[in-house]
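Tertiary structure, described
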Amino acid sequence: MLKKEEQIQFSDWVKIPVSMQHQFFELAAAEAQKTKLRLLEQKKRLEELRALLRFEKIAESDEWKNWRIAYVDGSDSPVLSQRLGARFGTFAAGWNIYQGDELKGEKYFSGNMADFETGDIEVTKKTLDLLTVALERDTALKCLEDEKPDLIVIDGSFYGFQTRSRIVRGIKIEQRGFVYGSDLVDHVVKSTSKLLESSRAVGIVKRVTTAAIDGWIIKRDGDDRNVFRTNDRHILSSLMAVGQVFSYTHTFGEASAFNFLSRLASAYRRYVERLGVKDVDVILRNARSEIEAGIRRNLACKPEVVLATERQYLRCNYPAPPFCIEARTGTDVSKILPCLAATHNPATGLPLPLDMIDQNVGLPRGFTREFVEEIEANLVRDSELDKFDLL
């Protein structure tokens with residue numbers, strides 16, 4: 001019998017009937033022509049946009065080589081395990097500390113949660129997500145205290161956890177010392193604010209959904225005829241050269257404007273088609289109100305707490321896209337950019353140390369299942385339990 005690595009791997013394409021294969025070939029060819037026309041038309045508009053946006057070259061500096069730099073990340077189990085009458089999840093976080101580009105130390109922390117098997121599974125998933133963020137923030141703050149880094153880089157947006165946090169606020173969760181979901185959410189908000197207030201933390205946002213450039217075009221034109229209908233990173237990938245940086249603040253004037261312009265881009269059609277509102281300034285004011293109301297509903301804090309960050313993009317490599325950097329408003333990120341550029345991973349365009357800590361704390365897909373099997377093994381050895389109690 002052939003070993004798994006010796007078996008021939010067939011393309012999924014050949015697994016469907018031949019007649020369907022030919023149909024999909026024809027569909028792909030037709031779609032390629034449509035896409036070609038769209039890309040050629042978009043290319044022309046991108047060149048016009050390039051002249052309107054402000055791109056700067058990052059300054060060369062070796063100052064960062066004397067810094068202590070920490071990279072922090074956290075992760076949770078991709079799949080929950082439902083065994084023993086409960087839902088189980090696992091999570092982890094850690095830091096790697098560097099002197100310049102030389103690894104000097106590392107530390108890791110882990111946790112788990114067990115929830116009732118009944119009830120809304122989305123609440124369970126969100127609770128696990130928040131527990132992971134809480135551990136990551138606590139890890140970052142402990143790193144600041146113990147290691148005294150000059151710079152700490154976290155993976156992700158500082159307040160990216162706010163989405164749908166409202167669904168756990170009124171729920172009794174009793175996890176890791178948090179009685180209610182509101183206790184957990186409040187802790188994450190407080191620890192995130194404390195991390196930002198250190199003025200030594202930046203976040204690298206890998207999965208960008210922001211469409212502030214489209215919102216800016218709508219505000220400029222008064223309608224959405226010239227928008228690209230894609231996120232900012234995709235647009236900037238076509239415009240930015242290696243070694244360039246793009247700042248929302250320099251382009252839009254207000255540090256937090258990217259939040260409101262992005263909401264304008266997503267809400268514009270809704271206001272025009274469903275509500276009959278066409279005045280862009282009115283829609284933009286409502287978009288701002290929607291964002292502020294969402295922050296209060298999800299996090300029960302003042303909107304200015306969450307909106308106290310600014311973003312810019314840095315491109316370190318081609319063809320890798322630029323990545324988004326988030327920091328407290330007013331932070332001089334220009335001193336940090338040479339470090340991020342010099343230590344980037346050619347394969348991803350992201351800081352290599354961040355890729356490494358991401359890999360180290362990432363929990364394999366089947367880990368939680370094996371974790372629960374270890375729980376079961378411990379229970380099987382317990383003389384007070386009958387085997388039927390474990391069914």
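Residues numbered from 1 in each chain as written. Predicted model: local features only at pLDDT ≥ 70, side-chain atom pairs only at ≥ 80, totals over all residues. Heavy atoms only, no water.

Comments concerning the pairing of strand E4 (residues 86-99)
- Burial within E4 is extensive, with 13 of its 14 residues counted as buried.
- In this sheet, E4 lies alongside strand E2 (residues 68-76) in antiparallel orientation, the contact comprising nine bridges. Looking at E4, one finds that Ser 75 is bridged to Ala 92.
- In sequence, strand E3 (residues 81-83) turns back onto E4 through a hairpin of two residues, with Leu 84 there showing a positive phi of about 55°.
- Counted between consecutive antiparallel strands, the loop separating E4 from strand E5 (residues 102-116) contains two residues, among which Gly 100 sits at a positive phi close to 65°. (Buried < 20%, exposed > 50% of the residue type's maximum accessible area, 1.4 Å probe, protein only. Helix = DSSP H or I, 4+ residues; strand = E, 2+ residues; numbered from the N terminus. Pairing = 2+ DSSP bridges.)

Quick word on the pattern of salt bridges
- What the rule picks out here adds up to 26 salt bridges.
- The shortest N-O distance in the salt bridge between Arg 137 and Glu 136 comes to 3.3 Å.
- Classification of Arg 137 by relative accessible area gives buried; the value is 3%.
- Judged by its relative accessible area of 7%, Glu 136 is buried.
- Of the charged contacts, one joins Arg 225 and Asp 223 as a salt bridge, the two residues approaching to 2.9 Å between their closest N and O atoms.
- Overall, the relative accessible area of 67% leaves Arg 225 in the exposed class.
- Here Asp 223 falls in the buried class, since its relative accessible area comes to 16%.
- In the salt-bridge network here, residues are joined through shared partners; they are Asp 224, Arg 229, Arg 269 and Glu 273. (Salt bridge = Lys/Arg side-chain N within 4 Å of Asp/Glu carboxyl O.)

A look at the nonpolar core
- In terms of nonpolar packing, the biggest core is built from 74 residues, with Leu 49, Ile 152 and Leu 195 touching the most fellow members.
- Among the elements that line this core, the one with the most residues is helix H2 (residues 121-147), at 11 residues.
- Those residues in contact with Leu 49, other than ones at most four positions away along the chain, are Ile 213, Trp 216, Phe 228, Ile 235 and Leu 239.
- Ile 58, Tyr 71, Val 153 and Val 245 belong to the second largest nonpolar core, which has 26 residues in total. (Core = buried A, V, L, I, M, F, W, Y, C linked by side-chain atoms within 4.5 Å. Contact = heavy atoms within 4.5 Å.)

Examining the environment of Ile 336
- Following the sequence through the fold, Ile 336 ends up in the loop between strand E12 (323-328) and helix H11 (337-342).
- Classification of Ile 336 by relative accessible area gives buried; the value is 7%.
- Residues Ile 336 and His 187 lie 149 residues apart in sequence; the distance between their C-alpha atoms is 28 Å.
- Among all residues touching Ile 336, those that are not within four sequence positions of it are Trp 67, Leu 151 and Val 202.

Overview of the side chain of Asp 224
- As for its position among the elements, Asp 224 is in the loop between helix H5 (212-221) and helix H6 (232-239).
- Of the polar contacts made by the side chain of Asp 224, one reaches the side chain of Arg 269; its length is 2.9 Å.
- Apart from the residues within four sequence positions on either side, Asp 224 is in contact with Ile 218, Arg 229, Tyr 268 and Arg 269. (Polar contact = N/O pair within 3.5 Å; in protein donor to acceptor, adjacent residues only side chain to side chain.)

What about helix H8 (residues 257-273)?
- For H8, built from 17 residues, the straight-helix expectation of 24 Å at 1.5 Å per residue is met to within 8% by its first-to-last C-alpha distance of 24 Å.
- Along H8, the sharpest change in direction is near 45° and occurs at Ala 267.
- Taken together, the buried positions of H8 are Ala 257, Phe 258, Phe 260, Leu 261, Ser 262, Leu 264, Ala 267, Tyr 268, Tyr 271 and Val 272. (Expected span 1.5 Å × (residues − 1). Bend = angle between axes of the 7 residues up to and from the residue.)

Comments concerning unusual backbone geometry
- Looking along the chain, the bond that leaves Tyr 318 and enters Pro 319 is cis, with omega of 15°.
- Position of Pro 319 among the secondary structure elements: in the loop between strand E11 (309-314) and E12.
- Of note in this structure, Leu 84 is not a glycine but carries a positive phi near 55°.
- Within the secondary structure layout, Leu 84 lies in the loop between E3 and E4.
- What makes Leu 84 partly exposed here is its relative accessible area of 27%.
- Despite not being glycine, Arg 164 shows a phi value in the positive range, around 65°.
- Within the secondary structure, Arg 164 sits in the loop between strand E6 (151-155) and helix H3 (166-169).
- A residue is classified by how much of its surface remains accessible, and Arg 164, at 37% relative accessible area, is partly exposed.

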